[in-house]
Each structure stands twice: as C-alpha cells, then as structure tokens.
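Here's the letter readout for the chains.
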Amino acid sequence: MRINHALRVGVGVIALTLAAATASACGGGGGDKTALDHAKDGKLTVGIKFDQPGLGLRNKDGSYSGFDVEVAKYVAGKLGVKPDAITFKEAPSAQRETLIENGQVDYVVATYSITDKRKEKVDFAGPYYVAGQSFLVRADNTDIDGPETLKGKKVCSVKGSTPAQNIEKNFPDTQLQANDTYSLCLEGLRAGSWDAVTTDDIILAGYAAQSSGAFKVVGKPFTTENYGIGLKKGDKQLRDQVNNAIEAMFADGSWKKAFDATVGASGYQAPQPPALNRY
Ligand code: GLU
C-alpha cells in the first residue's frame, strides 16, 4: 500500500512538473501563437536588459527606459500594440536565444549583436545600431587602453556575450571572469576584484556616466557589434514587418530623437543610422 501511494504521488509530481514545463515553454503568450498573433491580440512580450542605463533599464519605480526600450516600443506601435500593452522581460545575454526559441518573448531588443552563430537559432531584423567592444576601468587606472594591454589582467564580462567570447578566443593571456550580468561586473570593478570590464562602448558609456567619476571608458572600439532585434527563426513575415518598422523609425526622425533622449545623456552623438540587412 505504502509503495503504491508513493508511486501515485510520484506520478502526480511528474505530471505537474510536465504541465509546468509546458506552461513556461509557452510563456505568457500561450499556445502556438506567433508574435504577430500576439500583436493582433493587442499585446506583446519583449526581452530587454534591465541593468543598462541609457539602453535598457528597469527604474526604481518599475518603469523602463533607454534606447532599446524606445526601439521596442516603436516596433510594437507599428505592429499595432500600445506601449502600455508591452510586458518587458529581462533578457540576460546568455538567455536571449532560449527566450526566443521557447516563445517566452515575442522579440528581443537588448544590445544584441547579430552573429552567424546566433543566426543558427534565431533570426534578426536590423541592424538598428552599430557598437564596438571597449573597456571600462577605475578612473585612476593608467595601464589599460586596448586589448593589447590586457596580458595578465583580470577582466570581467558577461556569459554568452560576444565580448567575453572574443577575449576568451583571441586574448588568452587575460584572466577572464564571466558573470551573469554587467551589474556584477561593475560591483567587482568598484571593489578592485578585477582591473577592467569589457563590453560594447555604448553600454560602458552609460555605466561611466552613472559612476560619479569613479569609472572611465578607455581604448578605441575594436570589434563591430551590429545590434539586431532577435526574432523566432523562420518567421519571415515578422522579420519583414520589424525591418519596415526600423526603417520607418530611421526615416521619420524618431530614431535620432530616441537616441538623443537616452544614450545622449552619456555624451554620445547620434551617428547616421546603419543600412538594414534584409537577408
Ligand atoms: N553586443 C554584445 C552581445 O550581444 C554585448 C552586449 C550584451 O551582452 O548584451 O553579446
């Protein structure tokens, strides 16, 4: 009897676990609906960063701000969805492909570089901005100003990010610490646990601007990071519509306006928008 009971409880637990796994795989969106179905229903779930001032930031009052947030809202608007009908979900660097593949988000606007490796799992619209890898150091640092000055240095970046992969592959003399988020890298930089944080210049500029003079960005950008909007692989209709939205944002001045109002605060001038890559 006891064994029987234990078995039944066990089966129950497995069934519940399966149900929970299925529910979470479908995310808030529900079922097999595509992003465009969700848009037709009037709501979208968008992956952004929560800890990148000027780009994707969750503010203390629960609101969201930054250039990526503005791009996400503009695209949603073109898909017929109002800003307050968007659910923003945190999309840490290493989780972006999975969030898209599992349908937990409809799209990702999160300083997300278009790479061939990522294109095996997801599609991209864009690019809507081009950044480059650089370094953030404490203001009194004088010995790091580029990738060739990294030998033996402790450098922090984020798991699953292109800058971390680049250091690992091309600068093996560097002691790379890969954390889950950039916030953890910043804490360690402040505490002296590492010598530098590396990622895209535009992200680092936001951290430097918020540091009250504690940090500075050094070195010329030494990679090309084409920021795309990550989408479910194979949804060509969605990709075309998102590309059209980005193009409209460039053309009607909203892109520059959004850039100046967000990233502009860290001293960045809006460049010319990049050319779209409609592959
Ligand atoms: N753009 C780079 C990437 O997509 C670094 C920024 C980030 O981690 O979001 O990996």
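Owing to the predicted nature of the structure, the values given are computational and were not obtained by experimental measurement.

Rules behind the numbers
- Residues numbered from 1 in each chain as written.
- Predicted model: local features only at pLDDT ≥ 70, side-chain atom pairs only at ≥ 80, totals over all residues.
- Heavy atoms only, no water.
- Helix = DSSP H or I, 4+ residues; strand = E, 2+ residues; numbered from the N terminus.
- Contact = heavy atoms within 4.5 Å.
- Areas by Shrake-Rupley, 256 points an atom, 1.4 Å probe, with all protein chains shown as cover.
- Pairing = 2+ DSSP bridges.
- Near = heavy atom within 4 Å.
- Polar contact = N/O pair within 3.5 Å; in protein donor to acceptor, adjacent residues only side chain to side chain.
- Nonpolar A, V, L, I, M, F, W, Y, C, P; charged D, E, K, R; others polar.
- Phe/Tyr/Trp six-rings, centres within 6.5 Å; stacked < 30°, edge-to-face > 60°.
- Buried < 20%, exposed > 50% of the residue type's maximum accessible area, 1.4 Å probe, protein only.
- Disulfide = S-S within 2.5 Å.
- Axes fitted to C-alpha atoms, helices over the stretch in contact; angles between N-to-C directions.
- Parallel < 35°, antiparallel > 145°, perpendicular 65-115°, else oblique.
- Left-handed = near helix turned anticlockwise from the far one by under 90°.

J.: Explain the overall build of the chain here, please?
T.: Broken down by element type, the chain carries ten helices and 13 strands. Residue pairs at least 24 apart in sequence account for 70% of intrachain contacts in the chain once pairs closer than 6 positions are excluded. With an accessible surface of roughly 13,600 Å², the chain has 52% of that area assigned to carbon and sulfur atoms.

J.: Quick question: what am I supposed to make of the sheet that holds strand β3 (residues 56-58) here?
T.: Strand pairing in a sheet relies on backbone hydrogen bonds, with the paired strands running either antiparallel or parallel. Strand order in the open sheet formed by three strands is β2-β3-β4, and the pairing between neighbours is antiparallel. Of all the strands in the sheet, just β2 (51-52) and β4 (64-65) have a single pairing partner and so form its edges. Relative to β3, β2 is paired through two bridges, and the arrangement is antiparallel. Within the sheet, the bridge partner assigned to Q52 lies in β3 and is G56.

J.: What is the right way to read the site of the ligand from this model?
T.: The environment of the ligand is made up of 17 residues, and the closest members are K49, S93, T111, Y182 and D200. In the environment of the ligand, an oxygen atom lies 2.6 Å from a nitrogen or oxygen atom belonging to the side chain of S93. Within the side chain of R118, a nitrogen or oxygen atom sits 2.9 Å from an oxygen atom of the ligand. Breaking the shell around the ligand down by element, the ones donating at least two residues are α6 (162-170), β11 (196-200) and β13 (225-232). Classifying every residue of the shell around the ligand by side-chain character gives six nonpolar, six polar and five charged.

J.: For this particular structure, what's the right way to read the packing of aromatic side chains?
T.: Following the criterion strictly, the structure yields 14 aromatic pairs and no others. On the numbers, 5.5 Å between centres and 15° between planes, the contact of F135 with F222 is stacked. Here F135 is found in strand β8 (residues 133-138), whereas its partner F222 is found in the loop between β12 (215-218) and β13, with 87 residues between them in sequence. Of the residues examined, F135 reaches a relative accessible area of 0% and is grouped as buried. Relative accessible area serves as the criterion here: at 25%, F222 is assigned to the partly exposed category. A network of ring pairs unites the aromatic residues F67, Y128, Y129, Y227, F250, W255 and F259 as a single cluster.

J.: Looking at this structure, I do not really get the state of the cysteines. What am I missing?
T.: In a disulfide, the sulfur atoms of two cysteines are covalently bonded to one another. The final tally for this structure, using the stated rule, is one disulfide. The disulfide partner of C156 is C185, and the gap between their sulfur atoms is 2.1 Å. On the S-S bond that ties C156 to C185, the torsion sits near -70°, and the link is left-handed. With C156 in strand β9 (residues 154-158) and C185 in helix α7 (residues 182-191), the pair connects residues that are 29 residues apart, well separated along the chain. Among the residues examined, C156 registers a relative accessible area of 0% and is labelled buried.

J.: Can you help me understand the packing of helix α3 (residues 67-78) against helix α10 (residues 254-262) in this one?
T.: Helix-helix packing is characterised by the crossing angle of the two axes and by the distance between the axes. At a minimum axis separation of 9 Å, α3 and α10 run at an interaxial angle of 150°. Taken together, the axes of α3 and α10 lie roughly antiparallel to each other. By crossing handedness, the relation of α3 to α10 is classed as right-handed. On α10, the residues touching F67, E70 and Y74 of α3 are S254, W255, A258, F259 and T262.

J.: Mind showing me how you'd approach the environment of Q175 here?
T.: Summarising the element assignment, Q175 is placed in strand β10 (residues 175-179). As a C-alpha pair, Q175 and V155 span 20 residues in sequence and 6.1 Å in three-dimensional space. For Q175, the residues in contact, after removing those within four places along its chain, are G152, K153, K154 and V155. Engagement of the side chain of Q175 in a polar contact is seen with the backbone oxygen of G152, the distance being 3.5 Å.

J.: Looking at this structure, how should I read the sheet that holds β10?
T.: Read from one edge to the other, the open sheet built from five strands follows the order β10-β9-β11-β8-β12, with strand pairing classed as mixed. At either end of the open sheet lies a strand with only one pairing partner, and these are β10 and β12. Averaged over all adjacent pairs, the angle separating strand axes in this sheet is 30°, with direction ignored. Of the pairings in the sheet, the one linking β9 to β10 comprises five bridges and is parallel in character. Its bridge partner lying in β10, S157 is registered against A178. Contacts between α7 and the sheet are confined to β8, β9, β10, β11 and β12, with β11 contributing the most and set at about 150° to the helix.

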